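Descriptive analysis of the structure
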Amino acid sequence: MPDPAVSLIGPRLKSWREKRSMTLAELSETTGISSSTLSRLEAGKRAPNLELVVPIARALRLELDDIVPRVAPDPRVKRVTKKMGGATYESLSPESSPVQTYKMTLPANPGGATEVPHPQVHDGQEWVYVLSGRLRLVLGEQEVTLGAGEAAEFDTRVPHWHAAVGNQPVELLSIFSKEGKRIHMRARPAGR
């Protein structure tokens, strides 16, 4: 069964040739490949091979990557859900991503407004966006409560801590570096 990407090489070559305002005869003269062979290749009636494609690419000032269509992988992320200390972490980015994105659900915490925080410090940046509920964020000496639709970004080398406030859980998106992922995904007690 032929690769569908291979069947697109001829039409792409024709498109590039036309963009360069070059006739089949001019391309034939430059490459030493007959006009009829070039025409059949562009029409998909001749299978492309390196002996044909490389000289054509040179004549059209192209890289092979310009001629062979790139096939995009399936962009969907395989979600992995972990539960730790009452919190739920759902991955929204692939493991290979330079930044890690999670949908986090922190459990209801009626005493969250008065709970004594246990801040963490690590390399990186973190960005959080509250989807629902209320989030208590302690950042160094500063403390804020974020509601749905609010976001915060901070340097994680500053001692930080967060927890839900009130009788409802808080759902948030959290984006951080791999260093942050290692810290945040450790098992930890509820509310920390």
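The present account deals with the structure reproduced in this document.

1. Points about the nonpolar core
Counting 18 residues, the largest nonpolar core has Leu-106, Leu-135, Leu-146, Val-170 and Leu-172 as the members making the most contacts within it. The set of elements that each furnish at least two residues to this core consists of strand E2 (87–91), strand E3 (99–106), strand E4 (125–132), strand E5 (135–139), strand E7 (151–155) and strand E9 (170–177).

2. Brief notes about the pairing of strand E6 (residues 142–146)
As a general feature of sheets, a regular strand has side chains that alternate between the two faces. Across five bridges, E5 lies against E6 in antiparallel orientation. When the bridges of E6 are listed, Leu-137 appears paired with Val-144. In this antiparallel pair of consecutive strands, E5 and E6, the connection spans two residues, and Gly-140 shows a positive phi of 65°.

3. Brief notes about the sheet that holds E9
The strands making up a sheet are joined through hydrogen bonds of the backbone, oriented either antiparallel or parallel. Sheet architecture is open: six strands sit in the order E1-E2-E3-E9-E4-E7, paired in antiparallel fashion. On the outer flanks of this sheet lie strand E1 (81–84) and E7, each paired with one strand and no other. Each strand axis lies, on average, 20° off the axis of its neighbour in the sheet, ignoring direction. Relative to E9, E4 runs antiparallel, the two being bridged by six bridges. Residue pairing in the sheet places Ser-132 in a bridge with Glu-171 of E9.

4. Some points on the sheet that holds E5
Taken together, three strands build an open sheet; the order of strands is E6-E5-E8 and the sheet is antiparallel. Edge positions in the sheet fall to E6 and strand E8 (160–164), since each has one partner strand and no second. The sheet shows a mean angle of 15° between the axes of neighbouring strands, taken without regard to direction.

Analysis parameters
- Within any chain, residue numbers begin from 1 and follow the written order of that chain's sequence.
- Residue-level local features of this predicted model are given only where pLDDT is at least 70; pairs of side-chain atoms are given and counted only at 80 or more, and the full residue set underlies all totals for whole chains, interfaces and linings.
- Heavy atoms throughout the structure, all of them, feed into the side-chain values; hydrogens and water do not.
- Nonpolar core, defined: a set of buried Ala, Val, Leu, Ile, Met, Phe, Trp, Tyr and Cys residues in which side-chain atoms within 4.5 Å join the residues together.
- Three labels apply to residues, based on accessible area from a 1.4 Å probe with only protein chains included: buried if under 20% of the type maximum, exposed if over 50%, partly exposed otherwise in between.
- Put simply, DSSP marks the helices as runs of H or I at least four residues long and the strands as runs of E at least two long, and each gets a number from the N terminus on.
- Each pair of strands is called paired provided DSSP finds at least two bridges between the two strands.
- Note on definitions: angles span 0 to 180 degrees between N-to-C directions of axes, and those axes are lines fitted to C-alpha atoms, for helices only across the stretch in contact.

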